[in-house]
Number of protein chains: 2
Amino acid sequence: MSVAPQEGAAGTRTALEALRAALLTGDLAPGQRLVEADLAAAHGVSRASVRAALMDLTAEGLVERIPHRGARVRVVTVEEAVAITECRMVLEGLCAAKAAARVDDEQAAVLTALGHRLQEAVAAGDPVAYSAHNRELHRLLREMSGQEVATGLLDRLNAQIVRHQFRLALRAGRPQVSLPEHLAIIDAVVQRDPQGAEQAARTHLASVIAALQESADG
Amino acid sequence: MSVAPQEGAAGTRTALEALRAALLTGDLAPGQRLVEADLAAAHGVSRASVRAALMDLTAEGLVERIPHRGARVRVVTVEEAVAITECRMVLEGLCAAKAAARVDDEQAAVLTALGHRLQEAVAAGDPVAYSAHNRELHRLLREMSGQEVATGLLDRLNAQIVRHQFRLALRAGRPQVSLPEHLAIIDAVVQRDPQGAEQAARTHLASVIAALQESADG
DNA sequence: GTCGACCAGATTGTCAACAATCTTGTCGCG
DNA sequence: CGCGACAAGATTGTTGACAATCTGGTCGAC
């Protein structure tokens, strides 16, 4: 009988996941050419599968495709990263406001606990843990907002600037700056203050934008 | 500036444009199944081209694709339309603020003139002209903002709710409500008042959301 | 009579080969 | 010596056929 090889050898999914992982972890250099035939051979799938995967990644904004000229890893300049973060600013503000209007007591407790873990991570000088908690906070806020549309947009935007976010997280002193901003967001949400939550979220992202622009000069 | 070379008869582009036009004009009913083979035969292109076009349209949020189960015209419920418009609210607010910070005198004059045309259209009871000027206004604001990222997101969102926007434009008395809101946006931008422009844009979109929710009950 | 397995039809996912297009290096001419 | 035309190579876009999967209906068992 047909021994299901590799279980569900869906070529497109294989290629898509492998490529996306390589893009997000930075294994593929920005601007690098992505030749369909090479990728097909490298991942042991057909060219059509690679092609479909590249189309999906293009839709996510991770890859740039030019007709008859191939696909490249999309290069996000600092200026674009700033523009993206400006969009994140207003969208996360919306999510924060909605979250503040919808949280129940249990969710509020989770947020408060996460705030404590953020403080501990900074106190312990553990940037990796801080970064992880940071992402968890943003994810939680989006989830609590119930705004699937905004969440989808934010996921896309975040994927595009993951490299810049990573660089930013490594900057010395950055956690000390962002920690009170994060705590302010948590505070406003827990207190069911939509306007305050939106303002706090925007203040935080504005701070991120300023840091990004600094890194452009550095 | 080579003009768009349409002599290539690129099958994908043919199918993509035809399908997008059919979707935006409403020739294809929401929820309708889109069978690749049928579309390929109907437009005289290969199935692979239709497939590529469907992927692009899925990325734009106009089509819904389920693995091994085909593509359908995406149905946007009123609830989703509201969520989308909430995102539009904050994003257009961002664009309006940026536009107010960047307009030059010439662009301000164009905006002012467009405001007059909007008034005339309402006075003449011409909803079609008003709707056209309306779209032009939103487009201009996005262009003047210089925010390509936000513009791209807004284009996607608008395409998804074109049907709801159309229904809204037909409501009697709707222009009388939105006209002063539009004029307020123009006013704030012309006066280089970013905060006022953002607030005016958000007020306008909040009004649209309210109208959408009313139409849900009606 | 109802429930579950099975089978035929339809549809999407995948594959390898062909055609169209672009890029690059070379050659000839001014 | 510089510049434009040309051809070879490489890469993408397209085509048609095949395999995998899902849907709906029918048959048989309990």
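Residues numbered from 1 in each chain as written. Chains lettered and ligands numbered in written order. Predicted model: local features only at pLDDT ≥ 70, side-chain atom pairs only at ≥ 80, totals over all residues.

This part takes up the environment of Ile-161 of chain B. Residues and elements named next belong to chain B. Structurally, Ile-161 can be placed in the loop between α7 (148-160) and α8 (162-169). Residue classification places Ile-161 among the buried residues on the basis of 23 C-beta atoms within 10 Å. The sequence separation of Ile-161 and Thr-77 amounts to 84 residues, and the corresponding C-alpha distance is 9.3 Å. The residues touching Ile-161, leaving out its near neighbours within four places in the chain, are Val-76, Ala-81 and Ile-84. (Helix = DSSP H or I, 4+ residues; strand = E, 2+ residues; numbered from the N terminus. Buried ≥ 20, exposed ≤ 12 C-beta atoms within 10 Å, placed from the backbone. Contact = placed C-beta atoms within 7 Å.)

Our focus in this paragraph is the pairing of strand β2 (residues 63-66) of chain B. Residues and elements named next belong to chain B. Pairing between β2 and strand β3 (residues 70-73): four bridges, direction antiparallel. Considered in β3, the bridge of Glu-64 is made with Arg-72. In textbook terms, the turn of a hairpin is the stretch between consecutive antiparallel strands, and for β2 and β3 this stretch comprises three residues, one of which, His-68, has a positive phi near 65°. (Pairing = 2+ DSSP bridges.)

Turning our eyes to something else, we now look at the confidence of the model for chain A. Residue and element names in this part refer to chain A. In this model, chain A carries a mean pLDDT of 91, and residues with pLDDT of at least 70 account for 95%. For chain A, the element scoring lowest by mean pLDDT is helix α8 (residues 162-169), at 88; helix α4 (residues 78-102) scores highest, at 97. Ignoring residues within four places in sequence, the model shows residues 1-8, a span with pLDDT below 50, making zero contacts including any to other chains. (pLDDT = per-residue confidence, 0-100.)

Let us look at the environment of Ala-37 of chain B. Its location among the elements puts Ala-37 of chain B in helix α2 (residues 36-43). As a C-alpha pair, Ala-37 of chain B and Arg-102 of chain B span 65 residues in sequence and 49 Å in three-dimensional space.

Facing the 17 residues of chain A at the interface are 17 residues of chain B. Taken together, the elements giving at least two residues each to the side of chain A that touches chain B come down to α3 (47-59), α4 and α7 (148-160) of chain A. At nine residues, the largest contribution of residues to the side of chain A that touches chain B is made by α4 of chain A. Its residues assigned to classes, the side of chain A that touches chain B shows twelve nonpolar, two polar and three charged. (Nonpolar A, V, L, I, M, F, W, Y, C, P; charged D, E, K, R; others polar.)

Residue and element names in this part refer to chain A. Taken together, three strands build an open sheet; the order of strands is β1-β3-β2 and the sheet is antiparallel. At either margin of the open sheet sits one strand with a lone partner, and together these are β1 (33-34) and β2 (63-66). Bridging between β1 and strand β3 (residues 70-73) involves two bridges; their strand directions are antiparallel. Note that in β3 the partner of Leu-34 across the bridge is Ala-71.

Turning our eyes to something else, we now look at the relation of the copies chain A and chain B. Overlaying chain A on chain B yields an RMSD of 0.1 Å, the required transformation being a rotation through 180° with an accompanying axial translation of 0.0 Å. As the rotation angle and translation indicate, the two copies are arranged about a two-fold axis. A share of 100% of interface residues in chain A that are also interface residues in chain B marks the association as one of identical surfaces. (Least-squares fit on C-alpha atoms with pLDDT ≥ 70 in both.)

Gly-11, Thr-12, Ser-46 and His-68 of chain A together with Gly-70 of chain B are the nearest of the 18 residues found near DNA strand C. If you list the elements that add at least two residues to the surface near DNA strand C, you get α1 (11-25) and α3 of chain A together with α2 and β3 of chain B. The biggest single contributor to the surface near DNA strand C is α3 of chain A, with three residues. The class makeup of the residues in the surface near DNA strand C is eight nonpolar, eight polar and two charged. (Near = placed C-beta within 6 Å.)

Moving on to the environment of Gly-11 of chain B. All names here are of chain B. Within the fold, Gly-11 resides in helix α1 (residues 11-25). According to the C-beta neighbour criterion, Gly-11 is partly exposed, with 19 such atoms within 10 Å. Placed 194 residues apart in sequence, Gly-11 and Leu-205 show a C-alpha to C-alpha distance of 39 Å.

For the rest of this paragraph, the subject is helix α9 (residues 174-190) of chain B. Two residues of an α-helix separated by three or four positions point the same way, owing to the 3.6 residues in each turn. All names here are of chain B. Helix length check: α9 (17 residues) gives 24 Å between terminal C-alpha atoms against 24 Å at 1.5 Å per residue, within 8%. Pro-175, Ser-178, His-182, Ile-185, Ile-186, Ala-188 and Val-189 are the residues of α9 that are buried. Projected onto a plane normal to the axis of α9, the buried residues spread over an arc of 165° and lie on a single side. One or two steps after α9, the chain reaches Arg-192, where phi turns positive at roughly 55°. (Expected span 1.5 Å × (residues − 1). Arc of directions from axis to C-beta.)

The subject of this paragraph is unusual backbone geometry. Non-glycine residue Arg-192 of chain A carries a positive phi angle of around 55°. Along the chain, Arg-192 of chain A falls in the loop between α9 (174-190) and α10 (194-217). One non-glycine residue, His-68 of chain B, adopts positive backbone phi at about 65°. Checked against the element boundaries, His-68 of chain B lands in the loop between β2 and β3.

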